[in-house]
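Report on the structure
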Amino acid sequence: MNPRSYYERIFELLEAHHLWFKRSIPLIASENVPSSAVREAIISDFCNRYAEGWPGDRVYAGCKYLDEVEVMAMELAKKLYNADFADVRPISGVVANLVLYTVFTEPGDHIFALPIPRGGHISAARRKFKGTAGAVRGLNVNYFAYDEEELNIDVDRTIKRINALAKKGVKPKLALFGASVFLFPHPIKELADVFHSLDAVVAYDASHVAGLIAGGCFQKPFEEGVDVISMSTHKTLPGPQHGMILSVEKYGDLIKNTTFPALVSNHHLHNVAGLAVALAEMLAFGRTYASQIVRNAKALAQALYERGFKVLGEKKGFTASHTILIDVSEFGGGAPVEAKLEEANIFVNRNLLPWDVRLGRHYKNPGGMRLGVSEVTRLGMRENEMVEIADFIKSVIIDGKDPKAIREKVAEFRRSFQRVHYCFDNALEAYEYVKLRK
Ligand SMILES: *Cc1c(COP(=O)(O)O)cnc(C)c1O
């Protein structure tokens, strides 16, 4: 291809992607769609600038407007999460966790986190899985015990593990709560004191549930005993792809002096602006948005369950978050289910179930499928639409209908849900392609 053909082809692909999403049902639990206001902020000239350091104390000129926006982002974050301190510079959730590891641990130290099959994220995984905690910071990752019935951390068995470790003379330095399959609030209140009594820092990775917490619909980490919160800002929180750290007063300076210079140089100022916009939207609309997410997740879980799917957590009301986990092993596993639904323009992702590793299943074709309803909620869908989505999924997976036929129906269904809700301005359609070229 000549340069011009590459150039043209890139834009063709971008536009095709937008059109595809316009006609689809996006159910990836880690994704969302930001408002047109957030999109405006992230294509501003902020995306071309540097501002190393802290507002008012930069090592570059030209920062006066950037500084004011960054200060507002911190102010909004502190208000929304009831935090003493906010650092909006980490450029992603993984980088935010790496800041915590750098501040609170040394290589060789022990931490507690969830393993991947029980919902843990790769950034808190062991070295042998090339997880950030093990492979980058050289940490020993101990696992919270997990209750497969309750689909949550097992408090009593976790305390036993902490005590067994203490008997060997090992004190954990950090407990990292939070997960990527996060159905129910974690037992912070029950475990924070135990970790604190060993001088461990109690951290909470809110990447998945940050929007729910901001809307007052999940748990209140600081009130329950957490010292520090890390997160990515684009999952239930409908901001740009970025990261953030919040903490109690006493750790503020340590975090501030580590994020820069250790973990960021440029901190993606356009995304800081986009984050500030999203946080303002959450302050105004977060409660209605988050409560609708939880209602939608429960409604979709119930509808899928009634149609014959093995939705986990039935006895507990399926979920208290945006996420649903389904055992699809009887349909060949998560991989073929994901692929068939994609053919129908329904996007979900395969996921390990808590017991998959024991059964010899692998992440390439695990037994589960994970669904999230943040994006469809943002598009204005409510409980009735969740029932329709369950029907589409059943048609493809249980009834074996041709995905291409369902795809047409999905596009028709999506027609009346083209704008982002829960924001100050939705002049632009959610997936409208913005062309800046002549
Ligand atoms: C998504 C996620 C991350 C990583 O966030 P990125 O912004 O993709 O780096 C970290 N922790 C958890 C629990 C996550 O779900």
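All figures in this text were calculated on a predicted structure; none of them were measured in a lab.

It is at 10 Å that the axes of helix α6 (residues 155-167) and helix α7 (residues 188-197) come closest, and there the two elements cross at 10 degrees. With respect to their mutual orientation, α6 and α7 come out roughly parallel. Across the interface between the two elements, V155, T158, I159 and I162 of α6 pack against E190, L191, V194 and F195 of α7. A breakdown of the residues in the contact of α6 with α7 according to their chemical character gives six nonpolar, one polar and one charged.

Turning our eyes to something else, we now look at the domain arrangement of the chain. Split by domain assignment, the chain resolves into domain 1 (39-280) and domain 2 (286-414). Once you take the C-alpha centre of each, domain 1 and domain 2 turn out to be 28 Å apart. Tallying the contact residues gives 25 residues for domain 1 and 29 residues for domain 2. Carbon and sulfur atoms make up 62% of the area that domain 1 and domain 2 hide from each other, which totals about 2100 Å². On the domain 1 side of the contact with domain 2, P117, L183 and F184 bury the most area, a combined 25% of that side's loss. Linking domain 1 with domain 2 are three salt bridges. E148 is the partner of R358 in a salt bridge, and the nearest nitrogen-oxygen pair spans 2.8 Å. Counting across the interface, domain 1 meets domain 2 through eleven residue pairs in polar contact (both at pLDDT 80 or more).

What follows is about the sheet that holds strand β5 (residues 110-113). Reading across from one edge, β4-β12-β11-β10-β9-β5-β6 is the order of the seven strands in this open sheet, with mixed pairing throughout. This sheet does not close on itself; its edge strands, each paired only once, are β4 (85-87) and β6 (140-143). Strand-to-strand twist across the sheet, computed as the mean angle between neighbouring axes with direction ignored, equals 20 degrees. Of the strand pairs in this sheet, β5 and strand β9 (residues 174-177) are connected by two bridges, and their pairing is parallel. Looking across to β9, one finds that I111 is bridged to L174.

For the rest of this paragraph, the subject is the sheet that holds strand β17 (residues 368-372). The strand order β13-β14-β17-β16 describes an open sheet built from four strands, whose pairing is antiparallel. Each edge of the open sheet carries a strand with a single partner, namely β13 (310-311) and β16 (349-351). Lying on the sheet, helix α11 (residues 269-306) is in contact with β13, β14 (323-327) and β17; it crosses β14 at an angle near 20 degrees.

Our next topic: the pairing of β5. Judged by which residues are buried, β5 turns out to be covered on both faces: H110 and F112 on one side and I111 and A113 on the other are all buried. Here four bridges tie β5 to β6, and the two strands are oriented parallel to one another. Each residue of the ladder has a partner; that of H110, found in β6, is N140.

Along helix α12 (residues 334-343), the residues classified as buried are G334, A335, V337 and L341. Here the buried residues of α12 occupy an arc of 170 degrees about the axis, which is enough to place them on one side. Summarising the contacts, the buried residues of α12 are in contact with β15 (346-347), β16, β17 and α14 (383-397). Positive backbone phi, approximately 65 degrees, marks N345, located one or two places after α12.

Let's shift gears to the environment of N82. Structurally, N82 can be placed in the loop between α3 (64-81) and β4. With 174 residues separating them along the chain, N82 and K256 place their C-alpha atoms 18 Å apart. Those residues within four positions of N82 in sequence are excluded, and the remaining contacts are F222 and E223. Within the structure, the side chain of N82 is placed 2.9 Å from the side chain of E223, a separation counted as a polar contact.

Contacts to the ligand come from 13 residues, most closely from G93, V94, S180, D205 and K235. One of the side-chain nitrogen or oxygen atoms of S92 is found 3.4 Å away from an oxygen atom of the ligand. In this structure, an oxygen atom belonging to the ligand sits 2.8 Å away from a side-chain N or O atom of S180. Protein contacts shield 86% of the accessible area of the ligand, which totals 380 Å² for the unbound molecule. Tallied by class, residues from the shell around the ligand come to two nonpolar, nine polar and two charged.

How each quantity is defined
- Residues numbered from 1 in each chain as written.
- Predicted model: local features only at pLDDT ≥ 70, side-chain atom pairs only at ≥ 80, totals over all residues.
- Heavy atoms only, no water.
- Axes fitted to C-alpha atoms, helices over the stretch in contact; angles between N-to-C directions.
- Helix = DSSP H or I, 4+ residues; strand = E, 2+ residues; numbered from the N terminus.
- Parallel < 35°, antiparallel > 145°, perpendicular 65-115°, else oblique.
- Contact = heavy atoms within 4.5 Å.
- Nonpolar A, V, L, I, M, F, W, Y, C, P; charged D, E, K, R; others polar.
- Domains from an automatic or database assignment.
- Buried area = accessible area lost by both parts, 1.4 Å probe.
- Salt bridge = Lys/Arg side-chain N within 4 Å of Asp/Glu carboxyl O.
- Polar contact = N/O pair within 3.5 Å; in protein donor to acceptor, adjacent residues only side chain to side chain.
- Pairing = 2+ DSSP bridges.
- Buried < 20%, exposed > 50% of the residue type's maximum accessible area, 1.4 Å probe, protein only.
- Arc of directions from axis to C-beta.
- Near = heavy atom within 4 Å.
- Areas by Shrake-Rupley, 256 points an atom, 1.4 Å probe, with all protein chains shown as cover.

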